[in-house]
Amino acid sequence: MATLRIMSANLLVDRADPSELGRVLDEVDPDVLAVQELGDRTAAVITERFTHGHLDPRKDLFGLGVVAKRDVSVEALPLDSRSGWVARLDPSVWDIGVPLEILAVHLVNPIDWPWKVSRDARRAQIDGITTRVGQSDAATVVIGDMNSTPAWPEYTMLAALGVDAAAVTKTKERTWSHFLWGPRWIRIDHAFVAGATPITTRVVPIRGTDHRSLVVDLDL
């Protein structure tokens, strides 16, 4: 089996320190990178290191993308309020045993007012993700900022699509707090895996953002 490393990072509307982001990417050396709240500064750092995939930098909370070391096919994942991207890895290119689809997503924040609208948008996003996973003929990883701890019903819905990589490998760590410094308070960044074997996960700080990035190693 081949090992694949996937990293997810929320860049706090392009406020992540570009030099720190570059250092972390060089140190972690992910095969595939999914990013949320991407802007022009951080996109420039990423495109220096990855030539495959797609980035959609924005000035608001909706910048999103997925890039890779080798060739991937990328298609939009239309979702309510905030769409995602699907990267497909071909075994002949990636030396993996099975095709793999990585769904890079960012769920709407549940505390956005009005709460009912936010809740309905989140559920609609999950319905779209569930439909896409159900249509896939490949192993799947749903990864990103889910804005959901394991106590939230949305987490339970997503966990039905595949195992929580951090939980199943007993390597779960908290990923977010309101402050840019100090310990993280809750775990809201996740990777749900089906058709592949999670080996381990870890979280890595990036200066300037309120999230720890999530790094997932898989056997395929």
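Since we're looking at a predicted model, the values are computed, not measured.

Asks: Could you clarify how one ought to interpret a nonpolar patch on the surface in this entry?
Replies: Together, Phe 179, Leu 180, Trp 181, Trp 185 and Ile 186 make up a nonpolar patch on the protein surface, roughly 530 Å² of accessible area in all. Its place among the elements puts Leu 180 in the loop between helix H6 (165–168) and strand S10 (189–194).

Asks: Looking at this model, I keep getting lost on the side chain of Arg 82. Mind explaining?
Replies: With respect to the helices, strands and loops of the structure, Arg 82 is situated in the loop between strand S5 (73–77) and strand S6 (84–89). Although buried, Arg 82 forms no salt bridge, and the nearest oppositely charged side chain, Glu 37, lies 5.2 Å from it. In this structure the side chain of Arg 82 is engaged in a polar contact, spanning 3.2 Å, whose partner is the backbone oxygen of Leu 61. In contact with Arg 82, not counting residues within four places along its chain, are Leu 61, Phe 62, His 106, Leu 107, Val 108, Asn 109 and Gln 125.

Asks: When you look at the pairing of strand S7 (residues 100–106) in this model, what are you seeing that I'm missing?
Replies: As a general feature of sheets, a regular strand has side chains that alternate between the two faces. Burial runs high along S7: 7 of the 7 residues are buried. Of the two faces of S7, the one lined by Leu 100, Ile 102, Ala 104 and His 106 and the one lined by Glu 101, Leu 103 and Val 105 are each fully buried. Relative to S7, S6 is paired through 5 bridges, and the arrangement is antiparallel. Bridging from a neighbouring strand, Val 86 pairs with Leu 103 of S7. Note that S7 and strand S8 (residues 139–145) share 7 bridges and pair parallel. When the bridges of S8 are listed, Leu 100 appears paired with Ala 139.

Asks: How do you make sense of the packing of helix H1 (residues 18–28) against helix H2 (residues 40–47) when you look at a structure like this?
Replies: The description of two packed helices rests on the angle between their axes and on the distance between the axes. Running from N to C, H1 and H2 cross one another at 30°; their axes reach a closest spacing of 9 Å. Taken together, the axis directions place H1 and H2 in an arrangement best described as roughly parallel. Of the two elements, H1 crosses H2, and the hand of that crossing is right-handed. Across the interface between the two elements, Pro 18, Leu 21, Gly 22 and Leu 25 from H1 touch Arg 41, Thr 42, Val 45 and Ile 46 from H2.

Asks: Can you walk me through the nonpolar core in this structure?
Replies: As a rule of thumb, nonpolar side chains are buried together in soluble globular proteins. Among the nonpolar cores identified, the biggest contains 29 residues, and Leu 89, Leu 100 and Val 141 are the most heavily contacted of them. Those elements that provide at least two residues to this core are strand S1 (3–10), strand S2 (32–36), strand S4 (64–68), S6, S7, S8, S10 and strand S12 (212–219). In this structure Leu 89 touches Leu 4, Val 32, Val 72, Trp 94, Ile 96, Pro 99, Leu 100 and Ile 102, once residues within four positions along its chain are discounted. Of all hydrophobic cores here, the second largest spans 20 residues; its members include Ala 16, Val 24, Val 28 and Val 45.

Asks: Sorry if this is basic, but what is going on with the sheet that holds S6 here?
Replies: Strand pairs in the sheet, formed through backbone hydrogen bonds, run parallel or antiparallel to each other. Spatial strand order, S5-S6-S7-S8-S10-S9: 6 strands in an open sheet with mixed pairing. Since the sheet does not close on itself, it has two edges, and those belong to S5 and strand S9 (163–164), each with one partner. As judged from the 5 bridges shared by S5 and S6, these two strands associate in the antiparallel manner. When the sheet's bridge partners are listed, Leu 77 is paired in S6 with Gly 84. In this fold helix H4 (residues 115–135) packs onto S5, S6, S7 and S8, with an angle of close to 175° to the strand it touches most, S7.

Asks: What exactly am I supposed to notice about the pattern of salt bridges here?
Replies: Between side chains of opposite charge, a pair can form as their charged atoms come close. Going through the model one piece at a time under the given rule, you end up with 21 salt bridges. Arg 207 is the salt-bridge partner of Glu 20, the closest N and O atoms lying 3.4 Å from each other. Placement of the pair is Glu 20 in helix H1 and Arg 207 in the loop between strand S11 (197–205) and S12, with a sequence separation of 187 residues. On the basis of relative accessibility, which here comes to 10%, the residue Glu 20 falls in the buried class. Given a relative accessible area of 48%, Arg 207 falls into the partly exposed group. The closest approach of N and O atoms between Arg 119 and Asp 120, which form a salt bridge, is 3.1 Å. The class for Arg 119 is partly exposed, based on a relative accessible area of 37%. Under the relative-accessibility criterion, Asp 120 is labelled partly exposed at 33%. Each member of the salt-bridge network shares a partner with another, and the members are Asp 17, Glu 20, Arg 23, Glu 27 and Arg 207.

Criteria and thresholds
Residues numbered from 1 in each chain as written. Predicted model: local features only at pLDDT ≥ 70, side-chain atom pairs only at ≥ 80, totals over all residues. Heavy atoms only, no water. Patch = residues over 30% accessible without salt bridge, like charges linked within 9 Å, V, L, I, M, F, W, Y side chains within 5 Å. Areas by Shrake-Rupley, 256 points an atom, 1.4 Å probe, with all protein chains shown as cover. Salt bridge = Lys/Arg side-chain N within 4 Å of Asp/Glu carboxyl O. Helix = DSSP H or I, 4+ residues; strand = E, 2+ residues; numbered from the N terminus. Buried < 20%, exposed > 50% of the residue type's maximum accessible area, 1.4 Å probe, protein only. Lys, Arg positive; Asp, Glu negative; His and termini not counted. Polar contact = N/O pair within 3.5 Å; in protein donor to acceptor, adjacent residues only side chain to side chain. Contact = heavy atoms within 4.5 Å. Pairing = 2+ DSSP bridges. Axes fitted to C-alpha atoms, helices over the stretch in contact; angles between N-to-C directions. Parallel < 35°, antiparallel > 145°, perpendicular 65-115°, else oblique. Left-handed = near helix turned anticlockwise from the far one by under 90°. Core = buried A, V, L, I, M, F, W, Y, C linked by side-chain atoms within 4.5 Å.

These values are about where atoms sit, not about what they do.
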